[in-house]
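The lines below spell out each chain.
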Amino acid sequence: MNKNTSKVVPNQVKYEKELIEKIKKSNWNPTESFAWARLTKKFGPKISTEELLSLAQVLAKELNLELTREFKRRKVMLIYWFDQQNEDFWKFLEQNVAVLDKEGNIIDKTKD
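These lines cover the structure that appears in this document, whether it is placed above or below. (Residues numbered from 1 in each chain as written. Predicted model: local features only at pLDDT ≥ 70, side-chain atom pairs only at ≥ 80, totals over all residues. Heavy atoms only, no water.)

What to know about unusual backbone geometry
So, step 1. Here N27, not a glycine, exhibits a phi torsion of approximately 60°, which is positive.
So, step 2. By the element assignment, N27 lies in the loop between α1 (3–25) and α2 (34–43).
So, step 3. What makes N27 exposed here is its relative accessible area of 68%. (Helix = DSSP H or I, 4+ residues; strand = E, 2+ residues; numbered from the N terminus. Buried < 20%, exposed > 50% of the residue type's maximum accessible area, 1.4 Å probe, protein only.)

Points about the environment of Q84
So, step 1. Relative to the helices and strands, Q84 is located in the loop between α5 (75–83) and α6 (87–96).
So, step 2. In the structure, Q84 is positioned 50 residues away from F34 in sequence and 9.4 Å away in space, judged by C-alpha atoms.

Here's the deal with the pattern of salt bridges
So, step 1. Tallying each qualifying case throughout the model produces two salt bridges.
So, step 2. Across the salt bridge formed by E87 and R38, the nearest N and O atoms sit 3.3 Å from each other. With a gap of 49 residues between them, E87 in helix α6 and R38 in helix α2 connect regions that are remote in the sequence.
So, step 3. Judged by relative accessible area, which is 21%, R38 ranks as partly exposed.
So, step 4. With a shortest N-O distance of 3.9 Å, K42 and E94 are connected by a salt bridge. Of this pair, K42 sits in helix α2 while E94 is found in helix α6, placing the two residues 52 residues apart along the sequence.
So, step 5. When its relative accessible area of 5% is taken as the criterion, K42 is described as buried.
So, step 6. Under the relative-accessibility criterion, E94 is labelled partly exposed at 32%. (Salt bridge = Lys/Arg side-chain N within 4 Å of Asp/Glu carboxyl O.)

A short note on helix α3 (residues 49–63)
So, step 1. In a regular helix each residue adds 1.5 Å, so 15 residues correspond to 21 Å; α3 covers 21 Å between its end C-alpha atoms and thus fits that length.
So, step 2. Buried residues of α3: L52, L55, A56, L59 and A60, and no others. All buried residues of α3 project into a common sector of 130° when viewed along the axis, lining one side. Residues of α3 that are exposed and point more than 90 degrees away from the buried face comprise E50, K61 and E62.
So, step 3. Looking at the buried side of α3, the elements it contacts are α2, α5, α6 and β1 (99–100).
So, step 4. The first or second residue beyond α3 is N64, which carries a positive phi of 55°. (Expected span 1.5 Å × (residues − 1). Arc of directions from axis to C-beta. Contact = heavy atoms within 4.5 Å.)

Structure follows, in structure tokens:
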């Protein structure tokens, strides 16, 4: 392992711990967040970490947003990432993104 690599990992871990601590101190609750309400309204309450990550990766690429390692690792952090996005992000998601189930059907609970 080279010197640069060994320094990056501790810094990432430190940053992640600080970010999580900041979120905890803010009394932010993922299940009471704006993002969770919007995501579960559209995709249902059982949306998985893998589904959220896939959705976040597509949206980050399409909208040129940063989705760092810290947000990719935990469901609560993904919800926080979604919660930090602006109204233009949510309009794009609503108007341009379709999520399909295993059978190829569009998942959109707002149409049920």
